[in-house]
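For reference, the chains in residue letters:
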Amino acid sequence: MPEGLIVKALSGYYYVKPAVSAGNGTIQCRGRGILRKNGVTPLVGDQVRYSLTENGEGMVDEVLPRITELIRPPIANARLAVLLFSLREPDLNLQLLDKFLVHIEHAGLRTLICLTKRDLLKQQEENDLTHDITKQTADLYKSIGYDVIVTSSKTGLGTEEVKSRLAGEISVFSGQSGVGKSSLLNAMLPELSLETAEISMKLGRGRHTTRHVELMELTNGGYVADTPGFSQLDFMEIEADELSSCFIEFQSYAENCKFRGCSHLHEPGCKVRQALEAGEIAASRYEHYLQFHEEMKEKKRRY
């Protein structure tokens, strides 16, 4: 039975790219009833076994084991999250960046942070405060252990570097609406001509231009999922006691806290808070940890 990769799911159809194929075509498939009966929903990114039907279409017979599974966006087997945050229009929002990082860590993906729209920095900003903020942001997240690339789709800055990181991977592009996801993809793959959204200056947000999840094939063996932008994320899928493990710089200190299951809020002998006071953990990161913890408690009270 042939195998393939689901590269698009739309209106009950799964578009499968055969594993062995001379061309770039896909086979339009339906899912077998047995999958639904067993509670299995095929996802974009799934490796599947399929069979051909008489009309040139196909049936997905089996979904092969997944390495990862995301609920939102619904995608399987992604290993890398490319997180895009713009330096301008909209301005850099570190609290939202940290919220995305929590969700990515919880999902078990590696992260590449792209600081986009470098070309929008005015010359005086470039040489003054904003340039420092860009450098400080990059330095902070690099010191935590994240890869950071500063990009500009207009000038091509960082485009090839990002593309090289995607080789051989299924990657998820994500971030706040209007930060330049489609523009960066267009810069890497000019033949795509993805629709880009203008920025609403009143709201500081872009319009949603991506309406479904689809894998786009790169020339280096990678696939990119251009996923709908999110203006907000909730913590419905994460428990409060899982939160600290999603702040990766807390982990080595948390192992030595006086109390097992320390929340790093008020317990005596908390090594995370000691590291914060010693300047070894960034104050902005700990402040966001407190905010997210409170947000999760509020949600629990509500439900």
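Preceding this paragraph is the structure being described.
Note that the structure is a prediction, hence the values are computed from the model and not measured.

> Help me understand the overall build of the protein, please; the structure alone is not making it clear to me.
A tally of helices and strands in the protein yields 9 helices and 15 strands. For the protein, buried positions account for 46% of its 303 residues. In the protein, the share of contacts with a sequence separation of at least 24, taken over all contacts with a separation of at least 6, comes to 63%. Of the roughly 15700 Å² of accessible surface on the protein, a fraction of 48% belongs to carbon and sulfur atoms.

> How should I be thinking about the nonpolar core in this particular structure?
One broad trend across soluble globular proteins is that nonpolar side chains are buried collectively. Judged by nonpolar contacts, the single largest core of 42 residues is most densely connected at Ile-75, Ile-113, Tyr-141 and Leu-215. Looking at which element gives the most residues to this core, the answer is helix 2 (residues 94-107), with 5 residues. Contact partners of Ile-75, with chain neighbours within four places excluded, come to Leu-43, Val-44, Thr-68, Glu-69, Leu-70, Ile-170, Val-172, Val-213, Leu-215 and Ala-225.

> What's the story with unusual backbone geometry in this structure? I'm lost.
Keep in mind that most residues, glycine aside, have a negative phi and that most peptide bonds are trans. The peptide bond linking Glu-89 to Pro-90 adopts the cis configuration, its omega dihedral lying at 0°. Tracing the backbone through its elements, the reader meets Pro-90 in the loop between strand 8 (80-86) and helix 2. With phi around 50°, Glu-89 is a residue other than glycine that occupies positive phi space. Along the polypeptide, Glu-89 turns up in the loop between strand 8 and helix 2. One non-glycine residue, His-264, lies in the positive phi region at around 65°. Following the sequence through the fold, His-264 ends up in the loop between helix 7 (251-254) and helix 8 (271-277).

> Would you mind going over the pairing of strand 9 (residues 110-116) with me for this structure?
Each regular strand displays side chains that alternate between the two surfaces of the sheet. Counted residue by residue, strand 9 has 6 buried out of 7 residues, so it is predominantly covered. One ladder, built from 7 bridges, connects strand 8 with strand 9; its direction is parallel. Bridging across to strand 9, Leu-83 finds its partner in Ile-113. The handedness of the strand 8 to strand 9 crossover, carried by helix 2, is right-handed. The pairing of strand 9 with strand 10 (residues 147-150) spans 4 bridges and is parallel. From the neighbouring strand, Leu-112 faces strand 10, where its bridge partner is Asp-147.

> Honestly, the packing of helix 2 against helix 9 (residues 283-302) in this entry has me stumped. Any pointers?
Packed helices, taken two at a time, are described by the angle between their axes plus the distance between the axes. As a packed pair, helix 2 and helix 9 sit with axes 10 Å apart at the nearest point and diverge in direction by 65°. Classed by the angle they form, the pair helix 2 and helix 9 counts as roughly perpendicular. Helix-helix and strand crossings are classified by hand; for helix 2 and helix 9 the assignment is right-handed. Seen from helix 2, the contacting residues are Leu-94, Gln-95, Asp-98, Lys-99, Leu-101 and Val-102; seen from helix 9, they are Ser-284, Arg-285, His-288, Gln-291, Phe-292 and Glu-295.

> Sorry if this is basic, but what is going on with the state of the cysteines here?
As used here, a disulfide is simply a covalent bond connecting the sulfur atoms of two cysteines. With the rule as written, the count across this model stands at 0 disulfides. Not part of a disulfide, Cys-270 finds its nearest cysteine sulfur in Cys-262, a span of 3.8 Å.

> Teacher, can you tell me more about the packing of aromatic side chains here?
The geometry of an aromatic ring pair is captured by the separation of the ring centres together with the interplanar angle, meaning the angle of the planes. Going through the model one piece at a time under the given rule, you end up with 7 aromatic pairs. Where Phe-247 meets Phe-292, the ring centres are 6.2 Å apart and the plane angle is 45°; that geometry is what we call tilted. Highlighted residues: Phe-247 in the loop between strand 15 (223-226) and helix 7 and Phe-292 in helix 9, separated in sequence by 45 residues. Grouping residues by exposure puts Phe-247 and Phe-292 together as buried. For the pair Phe-250 and Tyr-289, a centre-to-centre distance of 5.3 Å together with 70° between the ring planes defines the contact as edge-to-face. Separated by 39 residues along the polypeptide, Phe-250 in the loop between strand 15 and helix 7 and Tyr-289 in helix 9 bring together distant segments of the chain. The pair Phe-250 / Tyr-289 is uniform in exposure class, with both members buried. Across from the ring centre of Tyr-15, 4.8 Å away, lies the NZ or CZ of Lys-8, which sits over that ring.

> Looking at this model, I keep getting lost on the sheet that holds strand 3 (residues 27-31). Mind explaining?
Sheet strands pair by backbone hydrogen bonding; their relative direction is either parallel or antiparallel. Strand order around the closed barrel formed by 5 strands is 1-2-3-5-4, with mixed pairing between neighbours. The average angle at which neighbouring strand axes cross in this sheet is 55°, direction not considered. Two elements, strand 2 (residues 13-18) and strand 3, share 3 bridges in a ladder whose sense is antiparallel. Note on strand 3: the bridge partner recorded for Tyr-15 is Gln-28.

> How do you make sense of the pairing of strand 8 when you look at a structure like this?
Most of strand 8 is tucked away: 7 of the 7 residues are buried. Relative to strand 11 (residues 170-175), strand 8 is paired through 5 bridges, and the arrangement is parallel. Counterpart to Leu-84 in the pairing with strand 11 is Gly-175.

Analysis parameters
Residues numbered from 1 in each chain as written. Predicted model: local features only at pLDDT ≥ 70, side-chain atom pairs only at ≥ 80, totals over all residues. Heavy atoms only, no water. Helix = DSSP H or I, 4+ residues; strand = E, 2+ residues; numbered from the N terminus. Buried < 20%, exposed > 50% of the residue type's maximum accessible area, 1.4 Å probe, protein only. Contact = heavy atoms within 4.5 Å. Areas by Shrake-Rupley, 256 points an atom, 1.4 Å probe, with all protein chains shown as cover. Core = buried A, V, L, I, M, F, W, Y, C linked by side-chain atoms within 4.5 Å. Pairing = 2+ DSSP bridges. Right-handed = clockwise from strand over helix to strand, strands pointing away. Axes fitted to C-alpha atoms, helices over the stretch in contact; angles between N-to-C directions. Parallel < 35°, antiparallel > 145°, perpendicular 65-115°, else oblique. Left-handed = near helix turned anticlockwise from the far one by under 90°. Disulfide = S-S within 2.5 Å. Phe/Tyr/Trp six-rings, centres within 6.5 Å; stacked < 30°, edge-to-face > 60°. Lys NZ or Arg CZ within 6 Å of the ring centre and 35° of its normal.

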